[in-house]
Amino acid sequence: MPHRRSSTRPRVPLLLAALLFAPPLALADNAPVAIGSLGRGEAVPGQVVVEGVVTADFRPGLGGFYLQDDGDGDPATPDALLVQAGADMAVPPGFGPGMHCRISGGLVEVRAGADRLRALAPSRIGPCREGVPVEAVRLAALPERWEPLEGMRVRIDAPLTVTGTHALERYGELTVSFAGRQWQPSELALPGTPEHTRLATANARQRLLLDDGSGQRDPKSIPYLGGATTPRVGSIVRGVEGILERRHGSWRIQVAQPLQLQPAPRPQPPRVPGTLKVAAFNLENLFNGDGRGGGFPTRRGAKTQAAMHAQLAKLVATVHGLDPDIAALMELENDGYGPESSIAQLVDALNAGGAQWRFVDPGQGPGSDAIRVGLIYRADRVSPKGEPAVLEGGPFGERSRVPLAQAFVRKGGRRDLVVVANHFKSKGCSEASGDDADRRDGQGCWNALRVESARRLHAWLRTAPVGSRAGRVVLLGDFNAYAMEDPLHWLRSEGGWVDAFAAAKVERPWSYVYDGLSGRLDHALLSPALVPALRGAAEWHVNADEPDDAGYAGRNEPGPWRSSDHDPLLLGFHL
């Protein structure tokens, strides 16, 4: 797993800060002021009176409610503000959205992470009467600026695309975009270039969070989903209506009514032409305890034997759906090759229906990390040729996982293919320093180590470590780097390796979604001698777009859905 997800916002009570504005100006007693004028310094005494309609009541969840008036005639200023009031504050009978109220109080600043919200700390709420409901400001497209609408009730008529669900279960937040799927900038542009900066800026501009109007962590339900399950990335949302806010670094809508969701369809298994099919798949920590039903919870992966069996069933459904002849695997438990090992039990499960899967046994490891790579193959379709080889030492020690290479020959064929399983160091910054620290260029930590891993891997393969001199080699796996980042860029530009998806003319592939941004951490690179044999390349988007709760540790949706956090890939060759 390349990233450790951090909290997108701390859930702490809103803090009352210093008064926002300068010394009071003269104001007639009890004369209400337009909300839009507050903040321009025209008439902001220590105590103000405002009147308007309550548009949303978030007292139990966010510590206040929103009041909106008829406006001050200036389209550059928002005509609503937060009234800071806890659930225990006295309010008139029948108080709630739609009530027209007069409120007296002092203008204050409320902190929400790095953001500041304009708010009124009331000394008195009322009198209130039944009012005319506020008509939401309708938006047919992304506005040039959000600031003039802050705190106001808005309705977005433009379709929004779900780009991330990672914060929904923890915070009730759904990430959406005005411009379709959002891409990791370093998937499309070289880090540090103007184009990379442009893409990052555009992502931030087009991004919006849909929020549940609550500060509660791990909410039991999400009202705006209306009982629907968490949508896949790529789903379309229409008619979003609620209160616009800026909190915790993001513009968001505190959604006031259930969403109109158009779910993204789930894809069928990919089919690629060719006489030999090769897959790659990050299993997201397949650990099987002691292999005899005990030893749970494990260091990683499933917490119980029942959860492990559910995980295994999803992985088997994924591999059977891909139907490859050879598969490179990542994040297997590094527990040997005996009958109780994780790879042996995976192969046993794959063979339960009569298939003839086998695994490559290099004797030990490869490597000493808690997880390792592996190679499995269909013995009725291909045969290993010669002995496997591993690349140990240097960066392939306690950081990057050790690569594993094996040559294969198709049954009845003579031309061999060398398959190399890889899993480079992740982007997490634990213990990173010096050249491996985060350079803030979008590549995360340990980039220098990943570049060195790429160089060492290339140099090793030039020595033909598995004995094959034909030069038909495919590098597969989780490189923990997006397509235009330094390790992949070096392998293509300096090493001469060819991106299989580019060679197959696949547009905008992706295998991973992080923080609402899609890209590829999982790659297939071909030696020049192998490129003419390529017949097709595909990814099966059973995981990256699926919400976490579809997996075995959540509601365990039957089938391959969310069997991992990475999508598998499939290549077709004619040898």
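For the structure, see preceding data.
Let us look at the structure shown here.

### Section: the overall build of the chain
The secondary structure content of the chain amounts to nine helices and 29 strands. Along the three orthogonal principal directions, the C-alpha set of the chain runs to about 95 × 50 × 40 Å. The buried share of the chain, taken over its 575 residues, is 57%. By sequence separation, contacts in the chain at least 24 residues apart represent 71% of the contacts at least 6 residues apart.

### So, helix H7 (residues 447-461)
Its 15 residues give H7 an end-to-end C-alpha distance of 21 Å, which sits within 8% of 21 Å, the value for a rise of 1.5 Å per residue. The set of residues buried in H7 consists of Asn447, Leu449, Arg450, Val451, Ser453, Ala454, Leu457, His458, Trp460 and Leu461. Packed against the buried residues of H7 are strand S20 (382-390), strand S21 (404-410), strand S22 (416-423), strand S23 (473-478) and helix H8 (486-493).

### Some thoughts on the state of the cysteines
The full count for this structure, using the stated rule, is two disulfides. Two residues, Cys101 and Cys128, share a disulfide whose sulfurs are 2.0 Å apart. Between Cys101 and Cys128 the sulfur-sulfur dihedral comes to about 115°; the bridge is accordingly right-handed. Of this pair, Cys101 sits in strand S5 (residues 99-112) while Cys128 sits in strand S6 (residues 115-130); the two residues are 27 residues apart in sequence, bridging distant segments of the chain. Classification of Cys101 by relative accessible area gives buried; the value is 0%. For Cys128, a relative accessible area of 22% translates into the label partly exposed. The partner cysteine of Cys429 in its disulfide is Cys445, sulfur to sulfur 2.0 Å. Because the torsion about its S-S bond is 90°, the bridge between Cys429 and Cys445 counts as right-handed. Residue Cys429 is found in the loop between S22 and H7, and its partner Cys445 is found in the loop between S22 and H7; the two are separated by 16 residues along the sequence. Residue class for Cys429 comes out partly exposed when judged on its relative accessible area of 43%.

### Some details on unusual backbone geometry
The linkage connecting Gly126 with the following residue, Pro127, adopts the cis geometry, with an omega of 5°. Relative to the helices and strands, Pro127 resides in strand S6. Cis geometry is adopted by the peptide bond preceding Pro366, which originates at Gly365 and carries an omega value of 5°. Its identity as a non-glycine residue notwithstanding, Asp218 has a phi of 50°, on the positive side. Within the secondary structure layout, Asp218 lies in the loop between strand S11 (207-211) and strand S12 (236-238). Positive phi outside glycine occurs at His248, with the angle close to 50°. Along the polypeptide, His248 turns up in the loop between strand S13 (240-247) and strand S14 (250-255).

Calculation notes
- Residues numbered from 1 in each chain as written.
- Predicted model: local features only at pLDDT ≥ 70, side-chain atom pairs only at ≥ 80, totals over all residues.
- Heavy atoms only, no water.
- Helix = DSSP H or I, 4+ residues; strand = E, 2+ residues; numbered from the N terminus.
- Buried < 20%, exposed > 50% of the residue type's maximum accessible area, 1.4 Å probe, protein only.
- Contact = heavy atoms within 4.5 Å.
- Expected span 1.5 Å × (residues − 1).
- Disulfide = S-S within 2.5 Å.

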